[in-house]
Amino acid sequence: MWRRRSNGGGSAAETREAPEAPETRQTQTEPPSDLMIDALGRKCPIPIIMLAEQINVVPLGGVVAVHADDPAAFTDIPAWCRLKSHAHVATYDLPRGGWSIHVRRNY
Amino acid sequence: MPLRAAPVSVLTVAYLDAASTEPLHPAAREALMTALDSGWADPARLYGTARRAQMLLDQARAEVAEIVGARADEVSFTSSGTQAVHLGVLGTLRGRRRAGRRLVVNAVEHSSVLNAAAVHEHDDGEVETVGVDRSGRADAAAFAEAVSRPGTALACLQTANHEVGTLQPVEEVAAACAAADVPLLVDAAQSAGRLPIPGGWSVLTASAHKWGGPAGVGVLAVRKGTRWRSPYPEDERERRRVPGFENVPAIVAAAAALRARAAEEAAEGPRLSALVDRIRREVPRLVPDVEVIGDPVARLPHIVTFSCLYVEGEALLTELDKAGFAISSGSSCTASTLRPSHVLEAMGVLTHGNVRVSLPRGVSEGDVDRFLAVLPDIVRRIRASLGVH
């Protein structure tokens, strides 16, 4: 079955570039964010609902980091950004499994 | 259309899951009943009843071959579409071992292709996966480049995607494969009987229950001149390609369904396609925050897929089931693996709240009306239960 590489299989600092964000930097460590949402252990669509509820907490141009480990969140948070015209900045592997998915508030 | 959900008992269930399996075509039922009486004997034997079974099998083979664009002696019947794919992939890799150990597949192929590729990889073969765009279409240029690399033994591409309906660039990829002298396996499971089979394949696979034939019949066609060696122990049946005693009555029924289906498609295809267009247009109008997935134009006539933001796929299917709709989903919570569909993942589209509507032959417009009438309220209620308004 085609699958993206499972989390934890490679380097913990592996960074995935967001296809629709050409400005993505290939930094190995996670840069700071304005707000962290802890959605670890929560199944989709809950992480996305949490993100939608809190995106306006950060100022325009601010970055929300969603911590999630439901495999669906890996695909669905960037897809949500595309549908809602926010920017998926990058996705970083978390050392203990799951990802930190960075989203920039665009409006 | 404020059609309130009536008690299920008074409703007939609307079957909208033809992509999983198409209900048995009446022509198949009739052929099956007849062939159970006349085609039960061993077609490999020489007495009268055996010859009769052999004749029915040959006739079915000739009919299927004609419709899929093959010679009769290139066609073998398997026990399923999955078995056809497994034999097609592993047999061609085995036959082409001297040419190399590289297999090129499309990321959104049916799991039978990807699982066969995993066996090859486990067997120290190399597998290259070519990605798709947002609509689910394989990147033909990347595919051409991948097959041109030395040591490529086989490439696999479906005619159309089974989850989102997007047509694949088979002719373009077939031309690239021909130029590189690499055989192309085309999996026509979702399109056979609905759309003409594109040319240029070296190995072709299909599944009878997807076109209204009975379950338990697959088609494996291997073009003359394509090197192929069975991955199974030797067996005399089906030109030594498929082990085991043929299910002649089911094969006869499968051929009858394919013939009937192909003849009806000129009228039924456009009718289903117009209903799909209507669903594609109406769902985003009636339900906020919905992404309709797959190519709107270059698609199968009967499949439409969409994802609803902030909705759990399982809850959606459960509510639709209560409202009398048999429908499937690619969302992770509806899969035994708890992973979202590899197709939706590869496309990079929303995987939660996913619904695949696939229209069977003869579906009534009223079923689609009723689906569009109940969906908005179901989505609204599920969202409300999660605190989304």
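What you see is a predicted model; the values in this text were computed from it and never measured.

**Focus on the overall build of chain B**
Point 1. Each helix and strand in chain B was counted, giving eleven helices and twelve strands.
Point 2. Computed over the C-alpha atoms, the radius of gyration of chain B is 22 Å, within 12% of the 21 Å expected from 2.2 N^0.38 for a compact globule of 389 residues.
Point 3. Seen through its principal axes, chain B has C-alpha atoms that stretch 65 × 50 × 35 Å.
Point 4. For chain B, the residues scored as buried account for 58% of the 389 residues in total.
Point 5. Across chain B, contacts joining residues at least 24 apart in sequence account for 72% of those joining residues at least 6 apart.
Point 6. Of the roughly 15,400 Å² of accessible surface on chain B, 54% is carried by carbon and sulfur atoms.
Point 7. Where the 42 positive side-chain charges of chain B centre and where its 46 negative ones centre are 3 Å apart.

**A look at the pattern of salt bridges**
All names here are of chain B.
Point 1. All chains considered together, the criterion is met by 32 salt bridges over all chains.
Point 2. With a closest N to O distance of 3.4 Å, D42 and R45 form a salt bridge.
Point 3. In this structure, E365 engages R278 in a salt bridge whose closest nitrogen and oxygen atoms are separated by 3.9 Å. On the criterion of sequence distance, the pair formed by E365 in helix 11 (residues 365–385) and R278 in helix 8 (residues 248–286) is long-range, its members being 87 residues apart.

**What to know about the packing of aromatic side chains**
All names here are of chain B.
Point 1. On inspection of all chains with the given rule, the structure shows three aromatic pairs over all chains.
Point 2. Relative to F371, the ring of F306 lies with its centre 6.4 Å away and its plane at 50°, an arrangement referred to as tilted. With F306 in strand 10 (residues 303–308) and F371 in helix 11, the pair connects residues that are 65 residues apart, well separated along the chain.
Point 3. Both rings, one in F325 and one in F371, keep their centres 5.6 Å apart while their planes meet at 75°; by these two values the pair is edge-to-face. In this pair, F325 is assigned in strand 11 (residues 325–326) and F371 in helix 11, connecting sequence segments 46 residues apart.
Point 4. For F325, a relative accessible area of 1% translates into the label buried.
Point 5. For F371, a relative accessible area of 1% gives the class buried.
Point 6. Pairwise contacts between aromatic rings join F306, F325 and F371 into one cluster.
Point 7. Over the ring of W201 we find R223; its NZ or CZ atom is 3.8 Å from the centre of that ring.

**Observations regarding the environment of B:T351**
Point 1. Inspection of the secondary structure assignment puts B:T351 in the loop between helix 10 (342–347) and strand 12 (354–358).
Point 2. Along the backbone, B:T351 and B:T159 are 192 residues apart, and their C-alpha atoms lie at a distance of 23 Å.
Point 3. B:T351 has contacts with A:A72, A:T75, A:D76, B:G330, B:S331, B:P340, B:L344 and B:E345, leaving out every residue within four places of it along the chain.

**Points about the interface of chain B and chain A**
Point 1. Residue-level contacts link 29 residues of chain B with 20 residues of chain A.
Point 2. Note on chain B versus chain A: buried area summed over both sides is about 2,200 Å², and carbon and sulfur give 61% of it.
Point 3. Sorting the residues of chain B by area buried against chain A places B:Y310, B:R339 and B:E345 first, and these three jointly supply 25% of that buried surface.
Point 4. Run the count over chain B and chain A and you get two salt bridges.

**A short note on the environment of B:L320**
Residues and elements named next belong to chain B.
Point 1. Relative to the helices and strands, L320 is located in helix 9 (residues 313–322).
Point 2. For the pair L320 and V186, spaced 134 residues apart in sequence, the C-alpha separation works out to 34 Å.
Point 3. For L320, the contacting residues outside a window of four places in its chain are F325, I327, V355, F371, V374, L375 and I378.

**Regarding the UniProt feature "domain: UPF0033" (unreviewed entry) in chain A**
Point 1. Under the UniProt annotation, "domain: UPF0033" (unreviewed entry) lies at residues 37–61 of chain A.
Point 2. Here residues 37–61 of chain A runs as 36% helix and 12% strand, with 17 Å between its end C-alpha atoms.

**What to know about the nonpolar core**
Residues and elements named next belong to chain B.
Point 1. The biggest cluster of nonpolar side chains holds 61 residues, and the ones touching the most others in it are F143, L184 and W211.
Point 2. If one sorts the elements of this core by residue count, helix 8 sits on top with ten residues.
Point 3. The two domains that each donate at least three residues to this core are domain 1 (8–24 + 265–385) and domain 2 (26–260).
Point 4. Those residues within four positions of W211 in sequence are excluded, and the remaining contacts are E22, A192, A206, V219, A254, A257, L258 and R261.

**Remarks on the packing of helix 1 (residues 46–54) of chain A against helix 2 (residues 71–84) of chain A**
All names here are of chain A.
Point 1. Contact pair helix 1 / helix 2: the axes reach a minimum separation of 10 Å and the direction vectors enclose 35°. Of the two possible hands of crossing, helix 1 and helix 2 adopt the one that is right-handed. When helix 1 is examined against helix 2, the residues I48, L51 and A52 are found in contact with a partner set consisting of D76, I77 and W80.
Point 2. Tallied by class, residues from the contact of helix 1 with helix 2 come to five nonpolar, no polar and one charged.

**Some details on the domain arrangement of chain B**
Residue and element names in this part refer to chain B.
Point 1. Split by domain assignment, chain B resolves into domain 1 (8–24 + 265–385) and domain 2 (26–260).
Point 2. On a C-alpha basis, the centres of domain 1 and domain 2 stand 28 Å from each other.
Point 3. The interface of domain 1 with domain 2 comprises 28 residues on the first partner and 33 residues on the second.
Point 4. Among the residues domain 1 hides against domain 2, the three largest losses belong to L24, L300 and M347. Together they make up 27% of the total.
Point 5. At the junction of domain 1 with domain 2, the criterion picks out two salt bridges.
Point 6. The interface formed by domain 1 and domain 2 contains 17 residue pairs in polar contact (both at pLDDT 80 or more).
Point 7. Taken together, the elements giving at least two residues each to the side of domain 1 that touches domain 2 come down to strand 10 and helix 10.
Point 8. Considering each element in turn, the side of domain 1 that touches domain 2 owes the most residues, five residues, to helix 10.
Point 9. Partitioning the side of domain 1 that touches domain 2 into residue classes produces 14 nonpolar, eight polar and six charged.

**Some remarks on the state of the cysteines**
Residue and element names in this part refer to chain B.
Point 1. In this structure the tally under the stated criterion is zero disulfides over all chains.
Point 2. Of all cysteine sulfurs in the structure, the one in C177 sits closest to C156, which takes part in no disulfide; the separation is 9.4 Å.
Point 3. Classification of C177 as buried rests on a relative accessible area of 1%.

**Describing the sheet that holds strand 10 of chain B**
All names here are of chain B.
Point 1. Pairing is antiparallel across the open sheet formed by three strands, whose spatial order is 9-10-12. The open sheet has two edge strands, strand 9 (290–293) and strand 12, and neither has a second partner. Neighbour-to-neighbour, the strand axes of the sheet open up by a mean angle of 20°, direction not taken into account.
Point 2. Summarising the sheet, strand 10 and strand 12 pair through five bridges and their orientation is antiparallel.

Basis of the calculations
Residue numbers here run from 1 along each chain, matching the order of that chain's written sequence. Written order decides the labels, with chains lettered from A and ligands numbered from 1. Only residues with pLDDT of at least 70 get local features here, since the model is predicted, and only at 80 or more are side-chain atom pairs given and counted; chain-wide, interface and lining totals rely on the full set of residues. In computing side-chain values, all of the structure's heavy atoms are included and hydrogens and water are not. In this description a helix means any DSSP run of H or I spanning at least four residues, a strand means any run of E spanning at least two, and both kinds are numbered starting from the N terminus. The size measure is the radius of gyration over C-alpha atoms, and the globule rule it meets is 2.2 Å times the number of residues to the 0.38 power. The rule is simple: take the accessible area with a 1.4 Å probe, protein chains only, and divide by the maximum for that residue type; under 20% is buried, over 50% is exposed, in between is partly exposed. Should any heavy atoms of two residues lie within 4.5 Å, those residues are counted as being in contact. Calculation of accessible area relied on Shrake-Rupley with a 1.4 Å probe; when residues are assessed, cover is drawn exclusively from the protein chains displayed. The charge count includes Lys and Arg as positive and Asp and Glu as negative, but it does not include His or the ends of the chains. Charge coordinates come from a single atom per side chain, which is NZ of Lys, CZ of Arg, CG of Asp or CD of Glu. By salt bridge we mean one thing: a side-chain nitrogen of Lys or Arg within 4 Å of a carboxyl oxygen of Asp or Glu. Only the six-membered ring of Trp is used, alongside the rings of Phe and Tyr, when aromatic pairs are assigned; centres must lie within 6.5 Å, and planes under 30 degrees apart are stacked while those over 60 apart are edge-to-face, with the rest tilted. Definition used: whenever NZ (Lys) or CZ (Arg) falls within 6 Å of the ring centre and also within 35 degrees of the ring normal, the charge is taken to sit over that ring. Buried area adds together the accessible area that both of two parts lose upon being put together, with accessible area traced by a 1.4 Å probe. UniProt positions are given in the numbering used here, feature names are shortened, and annotations may be inferred rather than shown by experiment. Each nonpolar core is a collection of buried residues, namely Ala, Val, Leu, Ile, Met, Phe, Trp, Tyr and Cys, held together in the definition by side-chain atoms within 4.5 Å. The split into domains, and so the bounds of each, comes from an automatic or database assignment of domains. Each axis is a line fitted through C-alpha atoms, and for a helix only the stretch in contact is used; angles between axes span 0 to 180 degrees, taken between their N-to-C directions. The handedness criterion is simple: a crossing whose near helix is rotated anticlockwise from the far helix by less than a right angle is left-handed, and one whose near helix is rotated clockwise is right-handed. Note that Gly is not counted as nonpolar here; it falls among the polar residues with everything else outside the nonpolar set of Ala, Val, Leu, Ile, Met, Phe, Trp, Tyr, Cys and Pro and the charged set of Asp, Glu, Lys and Arg. As used in this structure description, the phrase polar contact means that two N or O atoms lie within 3.5 Å; if the pair is within protein, one of them must be able to donate a hydrogen and the other to accept it, and residues adjacent in sequence are counted only when both atoms belong to side chains. In this description, a disulfide is simply a cysteine sulfur pair whose atoms lie within 2.5 Å. At least two bridges found by DSSP between two strands are what make those strands a pair.

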